[in-house]
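Spelled out from the first residue to the last, the chains are:
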Amino acid sequence: MSLSEIDLHQELKKYFGFSQFKGLQEEVIKSIVAKEHTFVIMPTGGGKSLCYQLPALINEGTAIVVSPLIALMKNQVDAIRGISSEHGIAHVLNSSLNKSEIKQVKKDISNGITKLLYVAPESLTKEENVEFLRGEKISFLAIDEAHCISEWGHDFRPEYRNLRSIVKRIGDDIPMIALTATATPKVQEDILKNLGISEANTFKASFNRPNLYYEVRPKTADVGADIIRFVKQNEGKSGILYCLSRKKVEELAQTLQVNGVSAVPYHAGLDAKTRAKHQDMFLMEDVDVVVATIAFGMGIDKPDVRFVIHHDIPKSIESYYQETGRAGRDGGEGHCLAFYAYKDIEKLEKFMSGKPVAEQEIGHALLQEVVAYAETSMSRRKFILHYFGEEFNGGKEDGVDMDDNVQNPKKQNEAQDEVEL
Ligand code: ADP
Ligand code: MG
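So, how was this worked out
- Residues numbered from 1 in each chain as written.
- Chains lettered and ligands numbered in written order.
- Predicted model: local features only at pLDDT ≥ 70, side-chain atom pairs only at ≥ 80, totals over all residues.
- Heavy atoms only, no water.
- Salt bridge = Lys/Arg side-chain N within 4 Å of Asp/Glu carboxyl O.
- Helix = DSSP H or I, 4+ residues; strand = E, 2+ residues; numbered from the N terminus.
- Buried < 20%, exposed > 50% of the residue type's maximum accessible area, 1.4 Å probe, protein only.
- Near = heavy atom within 4 Å.
- Polar contact = N/O pair within 3.5 Å; in protein donor to acceptor, adjacent residues only side chain to side chain.
- Areas by Shrake-Rupley, 256 points an atom, 1.4 Å probe, with all protein chains shown as cover.
- Nonpolar A, V, L, I, M, F, W, Y, C, P; charged D, E, K, R; others polar.
- Contact = heavy atoms within 4.5 Å.
- Pairing = 2+ DSSP bridges.
- Right-handed = clockwise from strand over helix to strand, strands pointing away.
- Phe/Tyr/Trp six-rings, centres within 6.5 Å; stacked < 30°, edge-to-face > 60°.
- Lys NZ or Arg CZ within 6 Å of the ring centre and 35° of its normal.

Our next topic: the pattern of salt bridges. A full pass over the atoms with the stated rule returns 17 salt bridges. One salt bridge in this structure joins lysine 30 and glutamate 26, with 3.7 Å as the shortest N-O distance. Here lysine 30 and its partner glutamate 26 are both found in helix H2 (residues 25-33), four residues apart, which amounts to about one turn of the helix. Between lysine 237 and glutamate 333 there is a salt bridge; the shortest N-O distance is 3.4 Å. A residue pair is termed long-range when its members are at least 10 positions apart, and lysine 237 in the loop between helix H10 (223-233) and strand S9 (238-242) and glutamate 333 in the loop between helix H13 (317-324) and strand S13 (334-340) qualify at 96 residues. Residue classification places lysine 237 among the partly exposed residues on the basis of a relative accessible area of 27%. A network of salt bridges, in which partner residues are shared, links Lys219, Asp312 and Asp344.

As a structural note, the neighbourhood of ligand 1 is formed by 14 residues, with Gln20, Lys22, Gly45, Lys48 and Ser49 the closest of them. Residue glycine 47 places a main-chain N or O atom 3.1 Å away from an oxygen atom belonging to ligand 1. Contact with the protein chains removes 68% of the 570 Å² of surface that ligand 1 exposes when unbound. Of the residues forming the shell around ligand 1, the biggest block, three residues, is contributed by helix H3 (residues 48-58). Of the residues assigned to the shell around ligand 1, the class counts are four nonpolar, seven polar and three charged.

With that settled, the discussion passes to H2. Of all the positions in H2, only Gln25, Val28, Ile29, Ser31, Ile32 and Val33 are classed as buried. Looking at the buried positions of H2, the neighbouring elements they touch are helix H1 (8-16), strand S1 (38-41), H3, strand S5 (138-143), strand S6 (176-180) and strand S7 (202-204). A positive phi of about 65° marks lysine 35, the residue just after H2.

As a further point, take the pairing of S6. For a regular strand, side-chain orientation follows a simple rule: the groups alternate between the two sheet faces. In terms of burial, S6 is a largely internal element, five of the five residues being buried. Here S6 shows two buried faces, one formed by Met176, Ala178 and Thr180 and the other by Ile177 and Leu179. Of the strand pairs in this sheet, S5 and S6 are connected by three bridges, and their pairing is parallel. Bridge pairing in S6 places leucine 141 opposite methionine 176. Once you follow S5 into helix H8 (residues 163-170) and on to S6, the crossover reads as right-handed.

Here we take up the packing of aromatic side chains. This model, assessed by the stated rule, comprises 10 aromatic pairs. Relative to phenylalanine 383, the ring of tyrosine 373 has its centre 5.6 Å away and its plane inclined at 65°; by these criteria the two rings are edge-to-face. Of this pair, tyrosine 373 sits in helix H15 (residues 357-375) while phenylalanine 383 sits in helix H16 (residues 380-387), and the two are 10 residues apart along the sequence. Chaining the aromatic ring pairs together yields one cluster made of Phe207, Tyr321, Tyr387 and Phe388. Directly above the aromatic system of tryptophan 152 lies the positively charged group of lysine 186, at a separation of 3.8 Å from the ring centroid.

Below, the structure is given as structure tokens:
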């Protein structure tokens, strides 16, 4: 089918039941259907998956989707299977499959049934898989979480850097689509360069979240009491309280409970059953607050999270943006409150000390941005957007006054105090 013959809205409705594209989706999809290399930067929840899923369903052949997380791949495959009577329409190819399962996957690809094949980068680089895929009709390669390509990203994965050469071996003219939610200008440049995508084919959505209110408070010995007060003021609302350590998670969950707040802990040290139970309790609103490490949040789609508190400042602005981004998904109120003490930065620096020097340097640079964010007296929204390469000049409806620094500008003499050496 040529581009001009396809009614994209009709296809959207047919496969996904949506009547409108979200943001830049339509432009992105046109670029992919036209077989252009394409780079997509959209915040979490922006609807990146559909950008490659719809073209995959429309185009001839199988689209390969590289994704770093097996759990997320499985979710996506299940979702795609839900829209089709053909079970083989989406598959995961990884080391967990047995021989006969692999045979079935390959058969479905060869028969043109499989439109989406999800793979981890390690699986794609396997010689036997490259050999097999060389002989098949591949519509395009989508690289989800493409910031993993860059050492300057917050989740660098070396295997991601080999994807381009692998794709070249599978087919000479396979279009590549890179997608990410978190890309500073440096990371963006890295991705384009590594994959050889032209800047002209970059689609970048705004990272602005007008309904989120950003606030940083100094972290004192009374931080526990400060948190209780804040949560009590927001009684009955859903919120996430992020902590760095499992111990702190347990401790604060208990403190909240003792103070009459319904809260549950969530961290990787709990068994899978307890984690699932606590997550469900939060989603079903049996509890108001989940106290968690960063293990909580991936793929969590609760629209009415009203606040995200950071007991400990995260290790990068990317992480902070992603974690606070879980607030106010429905467009309603979302209060993002971070407690900051410089000694926490030193703690994070210390955690890195065992790592290779290059990683330490990058980690240090990322942390300095966090310090700058926490200590700035400028608009926090402006700061965050600038970090992602976006100039913010918005008005009230864009959330211009939605942060502590704009609402309570620091007094002149205070500001002067800060810069005295
Ligand atoms: P991302 O990967 O960018 O974080 P997802 O692809 O997971 O975002 O999509 C986020 C949510 O948006 C999903 O629940 C998805 O079903 C929904 N969504 C995507 N496109 C549309 C659309 N055109 N209309 C309505 N909802 C959409
Ligand atoms: Mg995604």
